[in-house]
Amino acid sequence: MDAELASAVTLAAVMGLLIGSFLNVVIHRLPKMMERQWALEAAAFQAEQSGADIGIEAAKPQDTFNLMVPRSRCPSCGHLITWYENIPVISYLFLRGKCAGCRTPISPRYPAVELATGALFFFCIQHWGANPAGVAWCAFSAVLITLAFIDWDTTLLPDDLTLPLLWGGLLASAMQWTQVPLQSAVFGAIAGYMSLWLVYWAFKLATGKEGMGYGDFKLFAALGAWFGWEALVPIILMSSVIGAIVGIALKIFSNLREGGYVPFGPFLAGAGFTAMVFGPKAILDTVLRAFGL
């Protein structure tokens, strides 16, 4: 690795750590922002039906809440997080994983997200170079990490993330930042969405239950846009295998949530990262070997 590339990947890793810190904020706050918006829309609908307007005013939050405001604070004691307590990974180690105010343990997931983002940014720039392609795959990684954790926490895959990821894949293909021809990317997006949509309705008609959400369709469509229609079968196979393994493990250790469901988005994301690092063909070969084929 020459000096210029070494500098670029080092900078990418540092940027990944910083962006990973922000992703923790997005993972925590975006679902809450969506819930507030839903509450406001529900109140507006009720007010419209009743001909009153007091419901809207009552549902309006009195405090500003977005990705920037208010400042981050400890959920246990309300201690405001200072800038030197918010340095990626380093602050967590310095504080020994506890709040500076009340010494309540801080989830190790925060530095894990930062380290994962830094490592993925390092890989993207090392693999594709310090160019638009490398930056595009960094953006892909950041959005996919965020979606995986939000879905795991809430079973939500926000349109604010899945749709930009989808259009970003088509744009990356059109600009030749990926090796996927535009035609393959477009058909990948269509086939990704329609395949899970058909599975959803087949399962619902057969059982009367919903086996997955529409966010899964959009995420799979986005992966089809980034990797092309040829990669859809390897990705869905890998995500299904990972999901089955995790689901069985959760059942064995009695960690399944109420209702026994496991969100599918994190496993699609895991398969997407595997496709990015090793390539879709490597995924298919691995799955086939696992089944002795």
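A. The pattern of salt bridges, seen in detail. Counted under the stated rule, the structure contains three salt bridges. Here D153 ties to R109 by a salt bridge, and the two come within 2.7 Å at their closest N and O atoms. Placement of D153 in helix α5 (residues 132-154) and of R109 in helix α4 (residues 109-128) is noted, with a sequence separation of 44 residues between them. Taking relative accessible area as the criterion, D153 reaches 39% and is therefore assigned partly exposed. Residue classification places R109 among the partly exposed positions, given a relative accessible area of 29%. The salt bridge involving E210 is made with K204; its shortest N-O contact spans 3.5 Å. Looking at E210, the relative accessible area reads 54%, which means it is exposed. Taking the relative accessible area as the measure of exposure, K204 reaches 26% and is therefore partly exposed.

B. Looking closely at the packing of aromatic side chains. Summed over all chains, the structure comprises 16 aromatic pairs. When the ring of Y200 is compared with that of F217, the centres are 5.5 Å apart and the planes differ by 70°; the resulting orientation is edge-to-face. Residue Y200 is found in helix α7 (residues 182-207), and its partner F217 is found in helix α8 (residues 214-227); the two are separated by 17 residues along the sequence. Considered together, Y200 and F217 belong to a single accessibility category, that of buried residues. Three or more aromatic residues joined by ring pairs make a cluster, and in this case those are F123, W128, W137, F140, W226, F227 and F273. The ring of F65 carries the charged tip of R29 above its face, separated from the ring centre by 5.5 Å.

C. Up close: the packing of α8 against helix α9 (residues 232-252). Running from N to C, α8 and α9 cross one another at 135°; their axes reach a closest spacing of 10 Å. Classified by the angle their axes make, α8 and α9 are oblique. As α8 packs across α9, the resulting crossing turns out to be right-handed. Residues F220, L223, G224 and F227 of α8 touch α9, and the partners they reach there are L232, I235 and I236. Class assignment of the residues belonging to the contact of α8 with α9 gives a composition of six nonpolar, one polar and no charged.

Criteria and cut-off values
- Residues numbered from 1 in each chain as written.
- Predicted model: local features only at pLDDT ≥ 70, side-chain atom pairs only at ≥ 80, totals over all residues.
- Heavy atoms only, no water.
- Salt bridge = Lys/Arg side-chain N within 4 Å of Asp/Glu carboxyl O.
- Helix = DSSP H or I, 4+ residues; strand = E, 2+ residues; numbered from the N terminus.
- Buried < 20%, exposed > 50% of the residue type's maximum accessible area, 1.4 Å probe, protein only.
- Phe/Tyr/Trp six-rings, centres within 6.5 Å; stacked < 30°, edge-to-face > 60°.
- Lys NZ or Arg CZ within 6 Å of the ring centre and 35° of its normal.
- Axes fitted to C-alpha atoms, helices over the stretch in contact; angles between N-to-C directions.
- Parallel < 35°, antiparallel > 145°, perpendicular 65-115°, else oblique.
- Left-handed = near helix turned anticlockwise from the far one by under 90°.
- Contact = heavy atoms within 4.5 Å.
- Nonpolar A, V, L, I, M, F, W, Y, C, P; charged D, E, K, R; others polar.

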